[in-house]
Amino acid sequence: MFMSKPVCIVVGVGPGLGGALVRRFAQGGYAVAAISRGQAGLDAVTEGVANCRTYACDTTDGRQVAETLTRIQSDMGEPTALMYNSGSGTRGSIRDVTPEDFMATLEINALGLFHWAKDLAPAMAASEGGGVIGVTGATASLRGKPLTTAFAAGKAAQRSLAQSLARD
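First, a word on scope: everything that follows refers to the structure included in this document. (Residues numbered from 1 in each chain as written. Predicted model: local features only at pLDDT ≥ 70, side-chain atom pairs only at ≥ 80, totals over all residues. Heavy atoms only, no water.)

1. A short note on helix 5 (residues 149-167)
1) Next: Between its first and last C-alpha, helix 5 extends 28 Å over 19 residues, near the 27 Å set by a 1.5 Å rise per residue.
2) Next: Of the residues making up helix 5, those classed as buried are A150, F151, A152, G154, K155, Q158 and L161.
3) Next: Those residues of helix 5 that are buried lie in contact with strand 4 (79-84), helix 4 (99-126) and strand 5 (132-135). (Helix = DSSP H or I, 4+ residues; strand = E, 2+ residues; numbered from the N terminus. Expected span 1.5 Å × (residues − 1). Buried < 20%, exposed > 50% of the residue type's maximum accessible area, 1.4 Å probe, protein only. Contact = heavy atoms within 4.5 Å.)

2. Re the pairing of strand 1 (residues 7-11)
1) Next: Where burial is concerned, most of strand 1 is hidden: 5 out of the 5 residues are buried.
2) Next: Neither face of strand 1 is open: one carries V7, I9 and V11, the other C8 and V10, and all of them are buried.
3) Next: Here 5 bridges tie strand 1 to strand 2 (residues 31-36), and the two strands are oriented parallel to one another. Bridge pairing in strand 2 places I9 opposite A33.
4) Next: By the bridge criterion, 5 bridges tie strand 1 to strand 4 in an arrangement that is parallel. Of the residues in strand 4, the one forming a bridge with C8 is A81. (Pairing = 2+ DSSP bridges.)

3. As for the side chain of T60
1) Next: Here T60 shows up in the loop between strand 3 (52-56) and helix 3 (62-76).
2) Next: Within the structure, T60 has its side chain in polar contact with the side chain of D58 (distance 2.7 Å). (Polar contact = N/O pair within 3.5 Å; in protein donor to acceptor, adjacent residues only side chain to side chain.)

4. Some words on helix 1 (residues 17-27)
1) Next: Buried within helix 1 are the following residues: G18, G19, L21, V22, F25 and A26. Down the axis of helix 1, the buried set is contained in an arc of 160°. They therefore lie on one face. Turned more than 90 degrees away from the buried face of helix 1, the exposed residues are R24 and Q27.
2) Next: In the core, the buried residues of helix 1 are packed alongside strand 1, strand 2, helix 2 (39-46), strand 3 and strand 4. (Arc of directions from axis to C-beta.)

5. Section: the pairing of strand 2
1) Next: For strand 2, the buried fraction is high: 6 of the 6 residues fall into the buried class.
2) Next: Here strand 2 shows a buried face lined by A31, A33 and I35 and a second buried face lined by V32, A34 and S36.
3) Next: In terms of strand pairing, strand 2 meets strand 3 through 5 bridges, oriented parallel. Looking at the pairing, S36 lines up with A56 of strand 3.
4) Next: For the segment spanning strand 2, helix 2 and strand 3, crossover handedness is right-handed. (Right-handed = clockwise from strand over helix to strand, strands pointing away.)

6. Overview of the packing of helix 3 against helix 4
1) Next: Packing of helix 3 against helix 4 leaves a shortest axis separation of 9 Å and a crossing angle of 45°. It follows that helix 3 is oblique to helix 4 by the angle criterion. With respect to the hand of their crossing, helix 3 and helix 4 are arranged in right-handed fashion. Counted together, G62, V65, A66, T68, L69 and I72 of helix 3 and H115, W116, D119 and L120 of helix 4 form the full contact between these two elements.
2) Next: Split by residue class, the contact of helix 3 with helix 4 holds 6 nonpolar, 3 polar and 1 charged. (Axes fitted to C-alpha atoms, helices over the stretch in contact; angles between N-to-C directions. Parallel < 35°, antiparallel > 145°, perpendicular 65-115°, else oblique. Left-handed = near helix turned anticlockwise from the far one by under 90°. Nonpolar A, V, L, I, M, F, W, Y, C, P; charged D, E, K, R; others polar.)

Read these as geometric descriptors, not functional statements.
Next up, the structure:
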């Protein structure tokens, strides 16, 4: 069933934009691999979505990303699209944000995208039809505002990485 459809991976699936991306790609004829850090929320968001499988994965852990991608390839086929929607919404001023909060925001927004792109982009680029890596962002990637000490930095790093990937 899955092997005859193009495969889209949606990373960062929740009840908002991530869930909407899953539904839209499934309606568009894709087999969808829905990824979130925890399985419980995934099942609720993807219930009733045809041609969708769920996978729990910590996107900041390169080993977990590689293992999850191997499972997706075995279960569904070679991905032709990645929609990276993982993001950390840590908010606060410099007085409030801890170094751990700051690093977690960078890891979720930028390092997670790096792991997925590193594992997917070479095969996508070498394939006949190519592939696409889409990244959801935020205006905070362009300018910091009050209480976005960590969030703006994470989204700016993600944006710069996405621009570099596009030019590679």
